[in-house]
Amino acid sequence: MSQYQDDNELEDWGPSKTQLKRDAEVLQKLGAEIVSLSHSELERIPLDEELAEAVELGRKLKPKKDESFRRHLQFIGRLMRSRDIEQIEEALSIIKMRHSTVNARLHRLEQWRERLITEGDSALNELMSQFHELDRQKLRQLIRSANKERELNKPPVAYREMYQYLRGEIEDLSADQVRRHQIGSALHTFERAGHRSGQGLRGSGFCQTRDGFDEDMAAGHQSGDQRFTKIVLSDQG
């Protein structure tokens, strides 16, 4: 076989120009996604110093969205060719998943708001059955005001206030339920560890702490565990 044929065979095994272009576009798109992240989200992305500086410059150029920004994204893409991007993609995937979860939760809140306005007490009773701590009177007042705004074609002040109230209160309640669940799980784990080690917890003072915690939980709503499984809103909304 001739040297010319050997060279041709080696070239056949290499990536084509089309494939190289596709790979470059993928890295450029990945760079654009990273540049679009907030500062808090960027802290979760494993970037070395050079790449982090390039991303920060890209954030400054982004508002222009001109040729200089496009060229800089290409530069970020070239930098990532020599990096192991698997961890970067994994971290970015987690952030996207969180975005999807938040968007779904906010959409359910919007659905609840619309149901409260159009269905009135029937929807309010259903919502209160899941979140007992909500202020029924406040919500009724907001529902009346929102309906009046629609009838008179006024700015949606109450409409927006209802959304902010639901978002703030329900997220606070859900976070409290998570904390209670985590504390209860930690106490249970510690208690089991004590039994396995042959040390009885009765009389040690821990049991009194545990009993006091359980009483505090009982003083809340007994349906807390059920509401924990619906940590934000029912899909029926």
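Up top is the structure.
Only a predicted model underlies this, so the values are computations on that prediction, with no experimental measurement involved.

### Some remarks on the pattern of salt bridges
Point 1. All told, the structure shown has 11 salt bridges when counted by the stated rule.
Point 2. Of the charged contacts in the structure, one is a salt bridge between Glu-50 and Arg-83, with a shortest N-O distance of 2.9 Å. Note that Glu-50 is positioned in helix 4 (residues 49–61) and Arg-83 in the loop between helix 5 (67–81) and helix 6 (86–119), a separation of 33 residues in sequence.
Point 3. You can call Glu-50 partly exposed: its relative accessible area is 43%.
Point 4. Taking the shortest distance from any N to any O, the salt bridge between Arg-140 and Asp-121 comes out at 3.3 Å. With Arg-140 in helix 8 (residues 136–152) and Asp-121 in helix 7 (residues 121–130), this residue pair connects regions lying 19 residues apart in the sequence.
Point 5. Of the residues examined, Arg-140 reaches a relative accessible area of 27% and is grouped as partly exposed.

### Notes on a negative patch on the surface
Point 1. Taken together, the side chains of Asp-84, Glu-86, Glu-89 and Glu-90 present a region of like negative charge at the surface.
Point 2. Topologically, Glu-90 is positioned in helix 6.

### A few points about the packing of helix 2 (residues 17–35) against helix 5
Point 1. Relative to each other, helix 2 and helix 5 sit at 110°, their axes nearing to 8 Å. By the angle between their axes, helix 2 is roughly perpendicular relative to helix 5. Relative to helix 5, helix 2 is oriented so that their crossing is right-handed. In contact with Ala-24, Leu-27, Gln-28, Leu-30, Gly-31, Ala-32, Ile-34 and Val-35 of helix 2, helix 5 contributes Phe-69, Arg-70, Leu-73, Gln-74, Ile-76, Gly-77, Met-80 and Arg-81.
Point 2. Of the residues in the contact of helix 2 with helix 5, the class split is 10 nonpolar, four polar and two charged.

### Here we look at the side chain of Glu-41
Point 1. Within the element layout of this structure, Glu-41 appears in helix 3 (residues 39–42).
Point 2. Apart from residues no more than four positions distant in its own chain, Glu-41 is found in contact with Ile-95 and His-99.

Each value, and the rule that gives it
Residues numbered from 1 in each chain as written. Predicted model: local features only at pLDDT ≥ 70, side-chain atom pairs only at ≥ 80, totals over all residues. Heavy atoms only, no water. Salt bridge = Lys/Arg side-chain N within 4 Å of Asp/Glu carboxyl O. Helix = DSSP H or I, 4+ residues; strand = E, 2+ residues; numbered from the N terminus. Buried < 20%, exposed > 50% of the residue type's maximum accessible area, 1.4 Å probe, protein only. Patch = residues over 30% accessible without salt bridge, like charges linked within 9 Å, V, L, I, M, F, W, Y side chains within 5 Å. Areas by Shrake-Rupley, 256 points an atom, 1.4 Å probe, with all protein chains shown as cover. Lys, Arg positive; Asp, Glu negative; His and termini not counted. Charge placed at Lys NZ, Arg CZ, Asp CG, Glu CD. Axes fitted to C-alpha atoms, helices over the stretch in contact; angles between N-to-C directions. Parallel < 35°, antiparallel > 145°, perpendicular 65-115°, else oblique. Left-handed = near helix turned anticlockwise from the far one by under 90°. Contact = heavy atoms within 4.5 Å. Nonpolar A, V, L, I, M, F, W, Y, C, P; charged D, E, K, R; others polar.

Limitation: the analysis is restricted to geometry and does not speak to function.
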